[in-house]
Amino acid sequence: MSVAVETNRQERFQETADYAQFKARILARTGIDLNLYKQQQMHRRLLGLLERARVPDFTAYYQLLERDPREYAIFLDRLTINVSELFRNPEKWEELRRHILPGMLARKRNLKVWSAGCSYGAEPYTLAILLDQVAPNRSHVIHATDLDRNILAKAKEGKFTRADVKNLDAATLERYFVPLETGRSTASLTDVAPAYQIKSEIRDRVTFRAHNLLADPFESDYDLICCRNVVIYFTDAAKEKLYVQFYRALAPGGVLFVGGTERIFQYQEIGFTSPLPFFYQRKA
Ligand SMILES: C[S@@+](CC[C@H](N)C(=O)[O-])C[C@H]1O[C@@H](n2cnc3c(N)ncnc32)[C@H](O)[C@@H]1O
């Protein structure tokens, strides 16, 4: 049996009963509502996993996830694409540095910031470095959250590959990172080997915590929320709800900073102004 599901405004998707039941069971077990992710994309990704695990359908796949923690870890990994890098889209971070932070820091000594969907830590450490550069010797609060607990463990270590740090100049690299042993030899080095670790003085400024943007309550009074390259996997309805929640989580005058393909078209309806593309400000 299959049911047509209205997902995105444009998308219709034929859903089988075993897949519907799989989603309900995952929600009950993990709190992750797969219906809030773009359906065709998610279904395609999961079918790849079924094939890899050599199981015939979603019922058998769920049973496998229940008895094999390694398979469950692979499932979570596939669900949460973790691609990132330090100062990702550097020109946007420059805009933040030059046009958004100065006003904010003039109004308030210590900022409260949130990297939502922080993956392995490149984004919150970028924030920590930037704040150290523009407003050192202050006590900013930097929260970093992600759905994926495995990736948070990696984030806390603060280790990065050469590819991760490619947007940093030599002076910034030297000031904020320690080269790792593997980083010194070029012979066997690949882009996936960690080559640098963030210095502990910067690492200790970030607090990491597990948090599901589609289910968990939000803290409030943030001066800056970065949520970049996360909502691309969510349905339009889930995104709309999330942006309202972000608005409420910001302090008056606070700014939401989104990814390069994630422009919010209905920002005025929510109450935001947009001082620059991809930056949305709650009215003061
Ligand atoms: C592509 S990474 C983006 C990392 C970083 N923000 C950046 O722009 O480089 C997307 C991250 O979103 C996380 N994610 C996906 N769904 C989420 C949810 N419902 N709640 C919180 N994080 C989620 C994934 O685990 C993943 O680490």
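Everything in this summary refers to the structure shown in the same document. (Residues numbered from 1 in each chain as written. Predicted model: local features only at pLDDT ≥ 70, side-chain atom pairs only at ≥ 80, totals over all residues.)

Here Q39 is to be found in helix α2 (residues 39-53). Its 22 C-beta neighbours within 10 Å are what place Q39 among the buried residues. (Helix = DSSP H or I, 4+ residues; strand = E, 2+ residues; numbered from the N terminus. Buried ≥ 20, exposed ≤ 12 C-beta atoms within 10 Å, placed from the backbone.)

Pairing within the open sheet is mixed, and its seven strands lie in the order β8-β4-β3-β9-β10-β12-β11. In the strand order of this sheet, the two ends are held by β8 (206-210) and β11 (272-276), each with one partner. Between one strand axis and the next, the sheet turns by 20 degrees as a mean value, whatever way the strands run. In the sheet, strand β3 (residues 112-116) pairs with strand β4 (residues 141-146) via five bridges, with the strands oriented parallel. Bridging from a neighbouring strand, W114 pairs with H143 of β4. Packing of helix α5 (residues 90-107) onto the sheet brings it into contact with β9 (222-227), β10 (250-258), β11 and β12 (279-282), and relative to β11 it is tilted by some 125 degrees. (Pairing = 2+ DSSP bridges. Axes fitted to C-alpha atoms, helices over the stretch in contact; angles between N-to-C directions. Contact = placed C-beta atoms within 7 Å.)

Another aspect to go through is the pairing of β4. Across the six residues of β4, five count as buried, placing the element largely inside the fold. As defined by bridge partners, β4 adjoins β8 across five bridges and the pair is classed as parallel. Across the sheet, residue H143 finds its bridge partner in β8, namely T207.

Quick look at the site of the ligand now. The full set close to the ligand counts 22 residues, and T80, S84, G117, S119 and L213 are the nearest of them. In terms of residue class, the shell around the ligand is built from nine nonpolar, eight polar and five charged. (Near = placed C-beta within 6 Å. Nonpolar A, V, L, I, M, F, W, Y, C, P; charged D, E, K, R; others polar.)

With that out of the way, let us pick up the sheet that holds strand β7 (residues 196-198). Ordered in space as β5-β7-β6, the three strands form an open sheet in which the pairing is antiparallel. In the strand order of this sheet, the two ends are held by β5 (159-160) and β6 (177-179), each with one partner. As paired elements, β6 and β7 share three bridges and run antiparallel to each other. Following the sheet pairing, V178 is matched in β7 by Q197.

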